[in-house]
Amino acid sequence: MLIIEQAAYDAIVAHARRDHPDEACGVVVGPEGSDRPERVMPMLNAAMSPTFYEFDADDWKKLYDEMWDNDEEAVVVYHSHTATEAYPSRTDVAIAQLPTAHYVLVSTRDGADSLTYDGPVEFRSFRIVGGEVTEEEVKVVPAFDSSGSETGEN
């Protein structure tokens, strides 16, 4: 199960809407081994494509070095699909290289890219290990307390 704060959820959805019609991509980092996504790090989609995402190599190295220095890891890797459901494509599965990460997809199809859209947003999380895709529940909480536990729930 992915447990994520409302602010991080909102930031990911806003990024997906902002970058539409291109796919948005980014990472949510947290303390190493905690499985607690704390800091949303929007990344540049170097492919600048509505059907594919690719982290900019320099941005990824800079983020990786920062995570290393702070004993952090990529807890969530996210991107958007602009015209299809929020489900990993064959390409998404092939490039998934972090077996402990939650892979979040947001769909901005059918008007969900609009800031005035008031329907449900397709926000789904998956584990991708060895080419196997497993969907997991997403629990959005108001905030984590100082121990990393959620405070209240939605």
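See the structure above.
Residues numbered from 1 in each chain as written. Predicted model: local features only at pLDDT ≥ 70, side-chain atom pairs only at ≥ 80, totals over all residues. Heavy atoms only, no water.

A. Expanded view of the overall build of the chain. Looking only at helices and strands, the chain features 3 helices and 10 strands. Helices (α) and strands (β) of the chain occur, in sequence order from the N terminus, as β-α-β-β-α-β-α-β-β-β-β-β-β. The C-alpha atoms of the chain give 15 Å as radius of gyration, which agrees with the globular expectation for 154 residues (15 Å, within 12%). Projected onto its principal axes, the C-alpha coordinates of the chain cover approximately 40 × 35 × 30 Å. Taken over 154 residues, the chain has a buried fraction of 40%. Pairs at least 24 residues apart make up 62% of the contacts formed inside the chain by residues separated by at least 6 positions. Carbon and sulfur atoms make up 51% of the accessible area of the chain, which totals about 8100 Å². Averaged over its 11 positive side-chain charges, the chain has a centre that lies 1 Å from the centre of its 31 negative ones. (Helix = DSSP H or I, 4+ residues; strand = E, 2+ residues; numbered from the N terminus. Rg over C-alpha atoms; globule rule 2.2 N^0.38 Å. Buried < 20%, exposed > 50% of the residue type's maximum accessible area, 1.4 Å probe, protein only. Contact = heavy atoms within 4.5 Å. Areas by Shrake-Rupley, 256 points an atom, 1.4 Å probe, with all protein chains shown as cover. Lys, Arg positive; Asp, Glu negative; His and termini not counted. Charge placed at Lys NZ, Arg CZ, Asp CG, Glu CD.)

B. Representation of the pairing of strand 2 (residues 25-31) in the model. For strand 2, a buried count of 6 out of 7 residues is recorded, marking the element as mostly surrounded by other parts of the structure. Pairing geometry for strand 2 and strand 3 (residues 39-43), over 5 bridges, is antiparallel. Counterpart to C25 in the pairing with strand 3 is M43. In this sheet, strand 4 (residues 72-81) lies alongside strand 2 in antiparallel orientation, the contact comprising 7 bridges. When the sheet's bridge partners are listed, V27 is paired in strand 4 with V77. (Pairing = 2+ DSSP bridges.)

C. Quick look at the nonpolar core. Counting 18 residues, the largest nonpolar core has V27, F55, L63, V77, Y103 and I128 as the members making the most contacts within it. Elements that contribute at least two residues to this core include exactly strand 2, helix 2 (57-69), strand 4, strand 5 (102-107) and strand 6 (122-129). If one sorts the elements of this core by residue count, strand 2 sits on top with 3 residues. If near-sequence neighbours (up to four positions away) are discounted, V77 is found in contact with G26, Y53, F55, L98, A101, H102, Y103 and V104. Grouped together as the second largest cluster of nonpolar side chains are 15 residues, I12, V76, V104 and F123 included. (Core = buried A, V, L, I, M, F, W, Y, C linked by side-chain atoms within 4.5 Å.)

D. Main features of the packing of aromatic side chains. Counted by the stated rule, this structure contains 5 aromatic pairs. Each ring, one from Y9 and one from F123, has its centre 4.3 Å from the other, and the planes form 40°; the classification is tilted. Of this pair, Y9 sits in helix 1 (residues 6-19) while F123 sits in strand 6, and the two are 114 residues apart along the sequence. In this structure, Y9 and F123 share a single accessibility class: buried. Note on W60 and Y64: the rings are 6.4 Å apart at their centroids and 45° apart in plane angle, and the pair reads as tilted. In this pair, W60 and Y64 are both assigned in helix 2, 4 residues apart and thus about one turn of the helix distant. Residue classification places W60 among the partly exposed positions, given a relative accessible area of 26%. Residue classification places Y64 among the partly exposed positions, given a relative accessible area of 45%. (Phe/Tyr/Trp six-rings, centres within 6.5 Å; stacked < 30°, edge-to-face > 60°.)

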